[in-house]
Structure formats: structure tokens, C-alpha cells
Amino acid sequence: MTRLTKHDISKSCMRTEQGFFSDDLISYCHTNVDLVDFAVHVWGVERDTATAILGGQWVLDEIQVKTYRKILSSDKFEAIDLHEPFRRIAEELLQDMSKVGHSIKPCKFWSENPKPVWANAGAVFELRKKPLPQKPWAPDANSLPSIPKGRPPALDHDTAATVFTSGKVLKGRASSQDINPLKRPSDAGSGDSEGSSQATKRQRLVQSHQQAASYALKSFASNNRHYFVYIVVESWDLTVLYFDHTLILQVAEFNFEANSGALALVLYGTHACDWRRAGFDPNLRASPASFSAATEDEHPVETPLASFFHFEEDMRGAGKTAINKTYRVTDILASTNELIGRATSVYEVRELSPNNELSSEHYALKLSWPLKSQVSESGVIQRLRDRLPADLHAHLPCLEFSTDFDAERLQLPWLQLDLELTSTNHQERVLRVLAERKYTKLWEAGSVEAFKQAWLDCVECHHQAWEVGKVMHRDLSENNLMLHWDKDGNVKGVLNDWDMAEFTDEERDPTTATHRRIGTPPFMAVDLIYMKDQTCRHSFRHELESLFYILLWAALHYDVVNKIRHNTLDVVENWQGSVNDIHTAKFLFWSNHTEAEAVFARIRPEFAETLEDWIRPLWALFGEARALYHLRQFKKTKQPIDEDKFMDAKINFITFMEAIDKKPRWACVDSDCEEDD
């Protein structure tokens, strides 16, 4: 028996707002950024100093240059062989700068103590040899990290990094460490308006620096930093890259042997910047005391575990007193695994009072980067609380705190770089912070009956949210249906994570409307997995199909008594594959009785009654509706069949509830309304 960890679950049940791959990063790459401007606005170097260093007559160590060139010409070349001569070149250059007043202490390019890890790496240098094989941009799962608890992951062997510790900037040669994979696609849009030449240049950038992108993900995942700088040294050519969750910057490439001033400025900038200028989150500290009084030896935390987040609710223009919240991290529930996109991280936390006492209540603290124009999750929940009956509020998340940080409030450095931003090369996003009561996963229900009640609560709450609240959830998955017990010990299902929801009674904002896949792949409706065109309507019947998949998934994988969620069974393994794999597997499941029975045969014994009473009737409901629609299509008729109208009439909340023989508790169906009259 294998128990699935929360990181395995995140890997298997990743959600997407558009595709299953990240080739759309190309659109968000901005090239040929001026090095002096970069040094001033990213690293905080004074402009006069940056200009002087760039124009200085710096002489590289001739012996080390010859050694470097010899290694490059060797047939037995390995990237790590370049470290020593490059280190000596860099140290000599730093010492030469210090002699003329550009002093940085210590003047060491790297050190074995402390070893650099992603959580304290200020800037990472990668050394490699040209030419590189060109690969299409599609990050391998192994390049996307999870974060081991208690010990942050070390850098890989072909990199070196600035390291922040005890208020000093050191350099560290990396040591290797196995990183567990975690894959989650991006939600960024695509497009290009800067011409084919710029588009080609951006494509080459992403393809040639995909390792840099994967390392940026590791850095983001380690401790929630806001941006990350990566320096690629490819033989003699040096490129400075900047990553955040809205865009990618590339400083104009230069040959460091021919342009020693540019190399000197890069070395000075990476040493001169403090940890905030290196992109670390100032809201995350090792001690709550450091939020009010910064200390000289302050440095980034190596892991969020046992560290503190501190936030102030943005009250600008509201005429209200700011609300301060401090939380201590007790567990890492999910780490960010996107570059351009929502990039969600979730932590289990306890609130710290002004008296330094921790709350008995545990909360889920979610940090994400949604589009600024996207309706906030707190706004969605507030609308539902305003519109739904009071006795349904127990099935909605209980929010404790929320606030947004836009680019200006975060002081992201690219704001000062005079970039030509358009709707196709940049999407305005915010860092959205939300704290809510921490709920229990469905597989921890304790009994099949408790699980079924929680699932049914979510089904009915979801319908009322759509029917009365005019809200479509659009991301129903096993991780978004949760539960808790009230003071009387009654289980209550909670429909969580409304951050992809939309208001159905409002015209869609074209800046937030996506005509691509939205949802978590194993639980997405088959029509949405394989869309005939980019304008497929996300309808309520698709939501009902997702709820069915969650029920089926639970019957296959949940040991609710022992509170274990087992590894994905081979009969539904393709439901986590590519677009084509998922579509084919689900199409066969609905259209082929033998395929369906092969899945039903693997349902856990304790769910045998659920199979007969709920799962088979729902499978028949969806399957027969599809079969009847296709049968009508084959018949020659004068009027074409409206698929949405036909399928919505067959698959709706009433037919869904009738299939499982449950009477709605809140919805007013026709017969009940007549009786009330």
C-alpha cells in the first residue's frame, strides 16, 4: 500500500487556465534591455557608478583567460571545469574595482561555506559551452520542484550563486541534490505584436534558456520570492535574465572577454544588491520582530516553515486604518510551479497576535498572481454570502483576511525600465493574499457516508451559486471540494477555491476572458478537454460532469476510514496525460461499456453501494445523452441540432439529482414550486 503525499497529489491534479504546456512564455520575453538601466533599477547601483564601471578599462587575468580558452577547446570539456578560471577572473576583477573605490565586501566570487541553496541564492551563474542543441520549449516535469521540508534544495552542479547570509553577500559553488518533480501548467495568454523578428528572437531566448526558466521555478518555489536574476555564461557570451510572474527580461548579450566593463558591472551589481533587491519577499521573515526593526545581519529565510508572513491590508483611499496580520507557517501545502501565470502557493498558518500568542485556529494562507482585472476570490465569496440563504453559508469558505499587491506596491523593478508593454506581451497581475479557515480533504472524511454527505453538500451549494448567485466556479476538483464538522459534529461539505470563477450575469471582460481550457485536467469535462474551437462555452453541465468525475475518483482512490488517498490506478492513468490521452480515455469511458466496466471493477469495496446507487445512474445519464445527440446528428434533418441546447436539456441539476434519487434541499424544482403555490 502506498500513501500519496500532498506533493504527489499536486503533480497528478494540476489545473490549467489554458494549455498543458508553457510555450506561451515566448510572448512575455522582453529583449535587449540596457545593462546600465538594469543595474540601476534591479540591483540598485547608482547610475554614475554603473556608467563608470561599464566604461572602465578593466584587464582580465591573462593566465585564467588562457586556461578558460583551453578548457573550451578541449574534447573532454565539462561545464564544471569552467568554474575555477571564471571564479579567479571574477575575484581579480572585483579586487581591481575595490582599488578604485567600487568596493564590495567580501570580494569572493564563491565559497563552499555556506553551500548555496535556492532559498538564499541572490543571483545564479550558469557556465556552459556553445553550441547548445535547440529544443522546443516544454519544461520537463523533472525541472519543476517541490520543496523538501526542513531543508531547502541545493543548486545543481553546473551553477554558482550569490548567497545571502548574516547580512553579507557570498558566492557559493553548487552541490547537487535530487529534486522531486512537480508540474503545473501556466495560465498566461499567448500572442505577439512586435513583429516576426522580435518574435523569433524571443523564441530563441526561451528555447536556449529553458534550464534558466526551470531554475527560476525552483527559486520561486523555495521561499515565495518576487523575482529572480540568472546569468548565463555560454563560452564567452554572457546574458543576464530576469524572471517574475508577469514577464521575462533579457539584457543585451555581450562577449565578456571583449567587454570586460560589462562583466565588471554584472559582478558589481550582483554583489552590491541587498536581499530585497535580489527579489526576496520582504513580507516573509524569520522573526516577527524583524518586520518592525530590520537588523544588520538580516537575510532571507531558507524555508517558509516556522517563518512569518506579515501583511497590511491595502486601505489607500479608503480612509480606514490599515489591518496588520502576522502568520507563522506550520506547513507547506502547495508550492508555486509557474513562471508566467497564477503561480499559487498555499501554506498552513496560525495567526500571531500583538501579544505574540499563536491562534488555536489553523488557516490556509494562499498567495497567487491572478490577472488584476480578474474578480477576486474574496469578491466572489462576498457576493455568494450576500445572495445565498444563510444556511448555505456553512458550505462556503470562511475568509479571515485578503489584500492585493500590484506592481507599484511591490515596486517591481521593470516599472522603471520604460518597456513597450502591450496586451500581447504583458498581462497585468497582482500578488493576491488570502487567508481562510483550513478545511479537511474529502479523503479524510472518516466514513463513506460522511464523504457522500460532503460531496452532496458541494453539489447543491454549487447549483445555488450558479442559479441564485450567478457565479460559475469553473475549477471543480478533488482539492476544491472539502469538509469540516460543525459544533454538533455534523459533517459539512465546503466548496472552496473560487479564484477561477466568473459572474454569469455580467459581460465578460476581454482582458480576463480566456477561450482556452480552464480547470484541473482529470476532472475537466470531455468537451472542454478537446474543444472544437477556441470559443467553446463553459456551461453548467460541464460543471456537473466534473462533480461526477470527483465522485468516481474518490470511489477509486479514497480510503476514507484510514484517511488515505491512494496512488492513481492504471485504469485512469491516462486521465492525467496529454490532451489527446485524456480526451481519448474519457471518450472511450463514455462510449464503450467495456471500458467503463473496467473502471467500475476497480472501485473500492466500501464504495460498492455508491457505485450502484450513484455512479452507474450518473454514467447512464451522461452516456445516454451523448449517444442520443450523436444519433440525431446521423439522421438527416432540415434543421441542424443545437448541441448546447440539446445537451443542457438532458443534463442539468434536476436530472442529475433524479439520477442519484436525492431531493434538493434549497433548489425550487417545478413540482415543489407548484405545491408551495
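Counting restarts for each chain: residues are numbered from 1 in the order of the written sequence. Local features in a predicted model are, by the rule used here, given only for residues with pLDDT of at least 70; side-chain atom pairs are given and counted only at 80 or more, and totals for whole chains, interfaces and linings are based on all residues. Note that water and hydrogens are dropped before the side-chain values are worked out from all heavy atoms of the structure.

**Details of the overall build of the protein**
- Along its length, the protein carries 19 helices and 22 strands.
- Here the term buried applies to any residue with accessible area under 20% of the maximum for its type, exposed to any over 50%, and partly exposed to those in between, with areas from a 1.4 Å probe on protein chains only. The buried share of the protein, taken over its 677 residues, is 57%.
- In this analysis, two residues are considered to be in contact whenever any of their non-hydrogen atoms come within 4.5 Å of each other. A sequence separation of at least 24 residues applies to 73% of the contacts in the protein between residues at least 6 apart.
- The accessible surface values rely on the Shrake-Rupley method and a 1.4 Å probe; as for residues, cover is taken only from the protein chains in view. A total accessible area of about 28,500 Å² is found for the protein, and carbon and sulfur atoms account for 47% of it. Helix and strand assignments come from DSSP, with helices taken as H or I runs of at least 4 residues and strands as E runs of at least 2, each series counted from the N terminus.

**A closer look at the nonpolar core**
- Here, the term nonpolar core denotes a set of buried Ala, Val, Leu, Ile, Met, Phe, Trp, Tyr and Cys residues that are joined through side-chain atoms within 4.5 Å. Counting residues in hydrophobic clusters, the biggest one holds 79 residues, and the most contacted among them are F38, W43 and L263.
- Looking at this core element by element, the count peaks at seven residues for helix α8 (residues 260-272).
- Setting aside residues no more than four positions away along its own chain, F38 makes contact with V33, W43, V229, V240, Y242, L249, V251 and L417.
- Ranked by size, the runner-up nonpolar core spans 74 residues in total, among them V491, L552, A585 and I660.

**Some details on the confidence of the model for the protein**
- For every residue, the predictor reports its confidence as pLDDT, a number between 0 and 100. For the protein, mean pLDDT is 82; residues scoring 70 or higher make up 76% of the total.
- This model gives residues 512-516 a pLDDT under 50, and the stretch forms 16 contacts once residues within four places in sequence are excluded.

**What about the side chain of H484?**
- Mapped onto the elements, H484 comes out in strand β18 (residues 481-485).
- Residue H484 is classed as buried on the basis of its relative accessible area of 10%.
- Beyond its immediate sequence surroundings of up to four residues, H484 is in contact with A394, R437, Y439, N490, V491, K492 and V494.

**What to know about the side chain of S214**
- Inspection of the secondary structure puts S214 in helix α7 (residues 210-223).
- Given the relative accessible area of 7%, S214 is considered buried.
- From its side chain, S214 meets the backbone oxygen of Q211 in a polar contact 2.7 Å long. In protein, a polar contact means a hydrogen-donor-capable atom and an acceptor-capable atom, both N or O and within 3.5 Å, with residues adjacent in sequence counting only if both atoms are side-chain atoms; elsewhere, any N or O pair within 3.5 Å suffices.

**Some words on the environment of E361**
- For E361, the location among the structural elements is in strand β13 (residues 358-368).
- Taking the C-alpha atoms as reference points, E361 and R437, 76 residues apart in sequence, are found 7.7 Å from one another.
- Setting aside chain neighbours within four positions, we find E361 in contact with V349, R350 and R437.

**Digging into the pattern of salt bridges**
- We define a salt bridge as a side-chain nitrogen of Lys or Arg found within 4 Å of a carboxyl oxygen belonging to Asp or Glu. Evaluated as defined, the whole model comprises 37 salt bridges.
- A salt bridge links E478 to R565; the shortest N-O distance between them is 2.6 Å. Here E478, found in the loop between β17 (471-472) and β18, pairs with R565, found in strand β22 (residues 564-565); they are 87 residues apart in sequence, far enough to count as distant. With respect to burial, E478 and R565 carry one shared label: buried.
- Through salt bridges with shared partners, a single network forms among R342, K366, E377, D497 and D499.

**Some thoughts on the sheet that holds β13**
- Strand pairing requires that DSSP identify at least two bridges connecting the strands. Spatial strand order, β9-β10-β11-β12-β13-β15-β14: seven strands in an open sheet with antiparallel pairing. One side of each edge strand has no neighbouring strand; the edge strands of this open sheet are β9 (284-285) and β14 (399-405).
- With six bridges joining them, strand β11 (residues 324-334) and strand β12 (residues 345-352) adopt antiparallel strand pairing. Looking across to β12, one finds that D331 is bridged to E348.
- Axis definition: a line fit to C-alpha positions, over the contact stretch in the case of helices; interaxial angles, taken between N-to-C directions, run 0 to 180 degrees. Running at roughly 45° to strand β15 (residues 431-437), helix α9 (residues 377-387) makes contact with β13, β14 and β15 of the sheet.

**Section: the pairing of β13**
- In this structure, β12 lies alongside β13, joined through seven bridges in antiparallel fashion. Following the sheet pairing, V349 is matched in β13 by Y363.
- Adjacent in sequence and paired antiparallel, β12 and β13 are bridged by five residues, among which N356 carries a positive phi angle near 65°.
- Summarising the sheet, β13 and β15 pair through six bridges and their orientation is antiparallel. For K366, the partnering residue across the bridge sits in β15 and is L434.

**Some thoughts on the packing of helix α15 (residues 593-600) against helix α16 (residues 608-634)**
- Direction vectors running N to C along α15 and α16 enclose 150°, while the axes themselves pass 12 Å from each other. As judged from the angle between their axes, α15 and α16 are roughly antiparallel. At the point where α15 passes α16, the crossing takes the right-handed sense. On α16, the residues touching H593, A596, E597 and F600 of α15 are L611, I615, R616 and W619. Here the word oblique covers every angle except those under 35 degrees (roughly parallel), over 145 (roughly antiparallel) and from 65 to 115 (roughly perpendicular). Crossings are assigned a handedness: left-handed for a near helix turned anticlockwise from the far helix by less than a right angle, right-handed for a clockwise turn.

**Thoughts on the sheet that holds β18**
- As summarised here, the arrangement of the three strands in space is β16-β18-β19, forming an open sheet in which the pairing is antiparallel. Two strands lie at the open edges of the sheet, namely β16 (440-441) and β19 (491-495), each paired on one side alone.
- Across five bridges, the pairing between β18 and β19 is antiparallel. Paired with W485 across the strands is V491, a residue of β19.

**A closer look at α9**
- Buried residues of α9: E377, V380, I381, R383 and L384, and no others. For α9, the angular spread of the buried residues around the axis is 155°, confining them to a single face.
- If you follow the buried residues of α9, they end up packed against β13, β14, β15, α11 (448-467), β17 and β20 (502-503). By construction, the arc corresponds to the directions joining the helix axis to the C-beta atoms.

**Re unusual backbone geometry**
- In this structure, A343 takes a positive phi of about 50° despite not being glycine.
- Structurally, A343 is set in the loop between β11 and β12.
- Unusually for a residue other than glycine, R474 sits at a positive phi of about 75°.
- Note that R474 resides in the loop between β17 and β18.

**Structural notes on the packing of aromatic side chains**
- For this analysis, a ring pair means two rings from Phe, Tyr or Trp (six-membered ring only for Trp) whose centres lie within 6.5 Å, classed as stacked if their planes differ by under 30 degrees, edge-to-face if by over 60, and tilted for the remaining angles. Under the criterion given, the structure shown has 36 aromatic pairs.
- Note on F38 and W43: the rings are 5.1 Å apart at their centroids and 85° apart in plane angle, and the pair reads as edge-to-face. For the pair formed by F38 and W43, the shared burial category is buried.
- Ring centres 6.3 Å apart and planes at 35° place the aromatic pair F548 and F589 in the tilted group. Taken together, the residues F548 in helix α13 (residues 540-557) and F589 in helix α14 (residues 579-591) connect sequence positions 41 residues apart.
- F548 gets classed as buried once you look at its relative accessible area, which sits at 0%.

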